[in-house]
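# Structure at a glance
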Amino acid sequence: MTDAPVAMRFDRFAKYRPDHVAAARATVSEQVCPFLDGPDEDALAAQAYSSLGGGHDARLGWYQGLYAGHAIERGHRNEGSSGGLTSWLLAELLNRKMVTGVIHVRPIVESGKPRFAYTVSTSTDMVTANAKTRYYPVEMSQVMAQVRATPGRYVFVGVPCYVKAVRRLMRADPILKERIVYAVSLFCGHMKSGRFAESLAWQMGSQPDDWKTVDFRRKLADRPASSYGFAVQPHGGGAEVVMPMGQLEGYDWGMGVFRLSACDYCDDVVGETADASFGDAWLPAYVNDSAGTSLVIVRHPELQQLFVEARHEGRISLDDSNVDDMVKSQDASFRHRRIGLAYRLWLKDKRGQWRPTKRVQAEASHVVAVYRLIFRYRMFMSWSSHLVFGVARNMKMLWVYTVYVRVLARLNKSLVRLSRSPRFSRRA
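Remember, it's a predicted structure, so these values are computed and weren't measured experimentally.

Time to look at the nonpolar core. Among the nonpolar cores identified, the biggest contains 68 residues, and Ile-103, Tyr-118, Met-140, Met-144, Phe-156 and Phe-230 are the most heavily contacted of them. Here the element with the most residues in this core is helix α14 (residues 369–395); it accounts for nine residues. Not counting chain neighbours up to four residues away, the residues in contact with Tyr-118 comprise Ile-103, His-104, Val-105, Val-138, Glu-139, Met-140, Val-143, Phe-156, Val-157, Gly-158 and Tyr-162. Membership of the second largest hydrophobic core comes to 26 residues, among which are Val-155, Tyr-182, Leu-303 and Ala-310.

Here the focus is empty space enclosed by the protein. Per the counting criterion, the structure on display carries one cavity of 30 Å³ or more. Put simply, the largest cavity is a space of about 90 Å³. Contributing to the lining of the largest cavity are 17 residues, with Ser-81, Ala-225, Trp-282, Ser-290 and Gly-292 lying nearest its centre. When the residues that make up the lining of the largest cavity are grouped by side-chain class, the tally is eight nonpolar, six polar and three charged.

The sheet built from eight strands is open, its strands ordered β7-β6-β8-β9-β13-β14-β5-β15 with mixed pairing. A strand with exactly one partner marks an edge of an open sheet, and here the two such strands are β7 (116–121) and β15 (316–320). Sheet twist, expressed as the mean angle between neighbouring strand axes with direction ignored, is 30 degrees. Relative to strand β8 (residues 154–158), strand β6 (residues 101–107) runs parallel, the two sharing three bridges. Counterpart to Gly-101 in the pairing with β8 is Tyr-154. Where helix α8 (residues 160–172) meets the sheet, it contacts β7, β8 and β9 (180–186), and its direction lies at approximately 160 degrees from that of β9. Strands in contact with helix α11 (residues 301–313) are β5 (65–71), β9, β13 (276–280), β14 (294–298) and β15; relative to β15, the strand with the most contacts, it is inclined by about 110 degrees.

Bringing the pattern of salt bridges into the picture now. In total, this model carries 29 salt bridges according to the counting rule given. For Arg-393, the salt bridge identified is with Glu-198, shortest N-O distance 2.8 Å. Taken together, the residues Arg-393 in helix α14 and Glu-198 in helix α10 (residues 195–203) connect sequence positions 195 residues apart. According to the relative accessible area criterion, Glu-198 is buried, its value standing at 2%. With a closest N to O distance of 2.9 Å, Asp-349 and Arg-355 form a salt bridge. Residue class for Asp-349 comes out partly exposed when judged on its relative accessible area of 38%. Taken together, the salt bridges that share partners define one network made up of Glu-41, Asp-42, Lys-164, Asp-267, Glu-272, Arg-338 and Arg-359.

What follows covers the packing of aromatic side chains. All told, the structure shown has 23 aromatic pairs when counted by the stated rule. A centroid spacing of 5.1 Å and a plane angle of 55 degrees characterise the contact between Phe-116 and Tyr-136, whose relative ring orientation is tilted. Here the residue Phe-116 occupies a position in strand β7, and Tyr-136 occupies one in the loop between α6 (124–129) and α7 (141–149), the gap between them amounting to 20 residues. Like Phe-116, the residue Tyr-136 is buried in the burial classification. In textbook terms, an aromatic cluster arises when at least three aromatic residues are bridged by ring pairs, as seen for Phe-10, Tyr-16, Phe-116, Tyr-135, Tyr-136, Phe-196, Phe-216, Phe-230 and Trp-253.

Each value, and the rule that gives it
Residues numbered from 1 in each chain as written. Predicted model: local features only at pLDDT ≥ 70, side-chain atom pairs only at ≥ 80, totals over all residues. Heavy atoms only, no water. Core = buried A, V, L, I, M, F, W, Y, C linked by side-chain atoms within 4.5 Å. Buried < 20%, exposed > 50% of the residue type's maximum accessible area, 1.4 Å probe, protein only. Helix = DSSP H or I, 4+ residues; strand = E, 2+ residues; numbered from the N terminus. Contact = heavy atoms within 4.5 Å. 1 Å grid on protein atoms, 1.4 Å probe; cavity = no way out; pocket = protein on both sides within 12 Å on 5 of 7 lines; lining within 4 Å. Points joined across faces, edges and corners; volume = space filled by probe spheres on them. Nonpolar A, V, L, I, M, F, W, Y, C, P; charged D, E, K, R; others polar. Pairing = 2+ DSSP bridges. Axes fitted to C-alpha atoms, helices over the stretch in contact; angles between N-to-C directions. Salt bridge = Lys/Arg side-chain N within 4 Å of Asp/Glu carboxyl O. Phe/Tyr/Trp six-rings, centres within 6.5 Å; stacked < 30°, edge-to-face > 60°.

Interpretation in functional terms is not warranted from these geometric data alone.
Right under this line is the structure:
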């Protein structure tokens, strides 16, 4: 097996694919891909954290501390998607010279595709400029080549499957193993294709290929943190347009429009292989604060010490949290990644199709009929949204997509209401 790099290209649905599947399987990527056989999240996390003590939960993985809070210093909270604690930690690592670079995602303001890419930030100002959650696919071959060519200490930031891929890459590449000293994960419901950003921008007056930048998580004053906005900056110096996400078709995360198919076969919600994981505090005690609140799972003792010291010094606000609240904040994602995943694996087995080996066991008996219908319907919504949006783009008729998604949303809500009726009250 050769270690030659695999070129990744956008396909017609604005998703990354290797140029040649046969070539990809002949490279080190076979050891690295988080959906191919190899050490899973349990094995990778146990190797890193099981000897450190602390707690363990089957859904959260290992942990030294569980917290909810926000950054106080330097305006990280205002610039971040939730409480700003991700950016705060990255800046703290740089300021203390514990790392020399932060590997995370930046926007690309030039025309063309992709619109976001991995970069290395080497200052706190760069970290702040590249803050925010990006609901957009990215690949990391170029930035990993940069890290291999540039000695230093790095912290990697990504969603759970990206962190898992980096952990597996580090096992195959001693240079990266030496240089990537920390990994940070964001909680993840699922990844979107590039069509998601295009569909939202188009609804706000910018053609799918004619916008400069977007902000997926613009905070809106006097609204709950979960009611955030979407902002688009048109090309040509036009005024930025901001609209509440709830007013746009396809905004409902539970529908899964433009979801990547791999996300239907992932069982890691919180980034169990990361040294620290961050998510939104979608909890009654915090959700009404429009400034945003972060949930934090800390696994690495050195990072745990940073949080403890900063709380004592009043530089961050931090409440102790617990497993139940962490899980409750991501209830829908765990239901999709555990109960729904078991059923989707069963479907694959029933049809005799290949599917990845997962920690969740294939099963159907635990799912009542209405939930089977919901899980199947949401898979249909994901792939059909790509097809219909493609037709709308080609015809230059936005309404083709918006009307279709509106119909999908109504049926989805009807199924959800049906699942909550006493007749179908039994859950897995």
